[in-house]
Amino acid sequence: MKNNNILSTFPILILPILILSYGYFLLCLLLNINRIYTTLWEWISDSPPTPYSFVSLPLQSSVVDVTPQQTSPDGFPYFVTGFADGEATFGVYFTKAEGRKFGYIVRLYFGITLHRKDRRLLERVKNYFNVGTIFENDREVAYKVVRTEDIATIIKHFDKYPLVTQKLADYLLFKQAFLIIQNKDHLTIEGFTKLIAIRASINTGSSDAFKALFPGVNPYEKPVIKDAQIPDPYWLAGFVSAEGCLSVYIYKAETRTGFNVQVRVQITQHPRDMELLKRIIPYLGCGRFVQATRGDCNYVVSSILDICTKVIPFFDKYCIEGVKALDYADFKKAVEIVYAKGHLTEEGLEAIRKIKAGMNTGRSIQKIREAKLGEKNPMYGKTKSPEFLAMQTRDKSGAHNPMYGKPKSEETLTKLRKLVYVYNASDGSLEGTYSTGECLKTFKIGYGTLYKRLEDGEARGGLIYSREPKE
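Remember, predicted model here, so these are calculated numbers, not experimental data. (Residues numbered from 1 in each chain as written. Predicted model: local features only at pLDDT ≥ 70, side-chain atom pairs only at ≥ 80, totals over all residues. Heavy atoms only, no water.)

(A) Looking closely at the sheet that holds strand 10 (residues 430-435). Spatially, three strands are ordered 10-9-11 in an open sheet, and the strand pairing comes out antiparallel. Looking at strand neighbours, the two that pair on one side only are strand 10 and strand 11 (463-466), the edges of this open sheet. Across this sheet, the average inter-strand angle for adjacent strands is 20°, counted without regard to direction. In the sheet, strand 9 (residues 419-424) pairs with strand 11 via four bridges, with the strands oriented antiparallel. In the strand pairing of strand 11, Asn 424 is matched with Leu 463. Its contacts with the sheet put helix 18 (residues 447-456) on strand 9 and strand 11, and the angle it makes with strand 11 is roughly 90°. (Pairing = 2+ DSSP bridges. Helix = DSSP H or I, 4+ residues; strand = E, 2+ residues; numbered from the N terminus. Axes fitted to C-alpha atoms, helices over the stretch in contact; angles between N-to-C directions. Contact = heavy atoms within 4.5 Å.)

Here it is in structure tokens:
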């Protein structure tokens, strides 16, 4: 009788377990529906689903120059703010000056420094603000605004179109410094002390040497930006133009060609902006948040369906600008091939290899190489004279050096001992202090070149050379 009771209640006991298991199975299915669909499509389908609107290029896509679309004037202000969130610097700098009150000149600085291939984008930013100057060297191009009356234009923009990342905290301190200088309060000991405190908090803070000069001044408490929201789609377009990475990965796999391809959109930031990255996920309706082992945070989209249906339609409408727009155009070609499963053929894989080779850093390297090949080389077809070859190959070491054994004059030694202060052009931080002789050897430049850089004070190779310490 007892056994019969147990058997009769068994269905009642097992029913809740079956219901919970079935519910768990449905939940897993719903959460992974995109991944399951993609996997089934890649494994058993011979042709892709209905093509998306952007798919129009032939399988034999190759790297070609394109003329990217530009952000509309109405959307450009938010684009500028998004780009500045990624690339801009707000700075407060002190330069020693005898005869000036408190012994220093205080300068404000707003700037964006990029690779020289992005000069056209910086020119557009400069034309938008209608203030500032653009400087260029053999590697970089920089947009700088330093005049106090011009800084007022920068303040007006960022008050109307606020920054979103933690860079907003630097801007708020920068604005305080601007108001102090605008009101001439920096000529008072109280105002000057406030500027020192702001300098100690903004960006990476003051150097130890500068702190030692003003030991009694405590840094301002830097505000923490919370609940950051994406204010406008053009802001995201500008932010991705600055910080986004469009990548094509080719890796070994068990396929017909022995390789597989993954396309990926990625934005990497410091952990302090992780909440902002997480907000991009619902904003675009795709992607995932990844915490890197080294501490960086990443927003990543690698699903081909999400890239096709959400990412590409978004950035076709809200344009990526600068050289990255060319990478975006090539990225779309690679996405098309992967979507059509062309990467599983030798022909499609080779097309992707060509696209990948010309993207990102490969774009500039490729152009440099092409510019010097064959008849494009200025020395093409020319024979070097014996005198030229002898001059290029002569031994210049030891006793063969024209200055070997000759003592340097006291005047020359004095020049070589003079100090040179080398600063990072992007944030104004001190790279190092060298004697002139050490500077020539460290940076492999001649005295005439160094003298010119000291004289004009412009950035060269991301560095600024000065005889006087700025802090």
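Alright, that's what it looks like, and here's the rest.
(B) Spatial organisation of the environment of Val 92. Counting through the fold element by element, Val 92 comes out in strand 1 (residues 88-96). Under the relative-accessibility criterion, Val 92 is labelled buried at 0%. As for Val 92 and Ile 198, which are separated by 106 residues in sequence, their C-alpha atoms are 7.9 Å apart. With residues near it in sequence (within four places) discarded, Val 92 still touches Val 106, Arg 107, Leu 108, Ala 177, Ile 198, Arg 199 and Ile 202. (Buried < 20%, exposed > 50% of the residue type's maximum accessible area, 1.4 Å probe, protein only.)

(C) Seen up close, the packing of helix 11 (residues 304-317) against helix 12 (residues 323-339). Contact geometry for helix 11 and helix 12: axes closest at 11 Å, N-to-C directions at 150°. In this view, helix 11 runs roughly antiparallel relative to helix 12, as classed from their interaxial angle. When the axes of helix 11 and helix 12 are compared, the crossing they make is left-handed. Facing Ile 304, Ile 307, Cys 308, Ile 312, Phe 315 and Asp 316 of helix 11, the residues of helix 12 in contact are Tyr 328, Phe 331, Lys 332, Val 335, Val 338 and Tyr 339. Residues of the contact of helix 11 with helix 12, tallied by class, amount to 10 nonpolar, no polar and two charged. (Parallel < 35°, antiparallel > 145°, perpendicular 65-115°, else oblique. Left-handed = near helix turned anticlockwise from the far one by under 90°. Nonpolar A, V, L, I, M, F, W, Y, C, P; charged D, E, K, R; others polar.)

(D) View of the sheet that holds strand 7 (residues 288-291). The sheet built from four strands is open, its strands ordered 5-6-8-7 with antiparallel pairing. In this open sheet, the two edge strands, each paired with only one partner strand, are strand 5 (244-252) and strand 7. Averaged over all pairs of adjacent strands, the angle between their axes in this sheet comes to 35°, without regard to strand direction. Sheet topology places strand 5 next to strand 6 (residues 259-269); nine bridges connect them, and they run antiparallel. If you follow Ile 250 over to strand 6, its bridge partner there is Val 261. The sheet contacts of helix 9 (residues 233-243) involve strand 5 and strand 6, and relative to strand 6 the element is tilted by about 110°. Each of strand 6, strand 7 and strand 8 (297-301) touches helix 10 (residues 274-284); the most contacted strand, strand 8, lies at about 15° to it.

In short, the description is geometric, and any link to function would need to be established separately.
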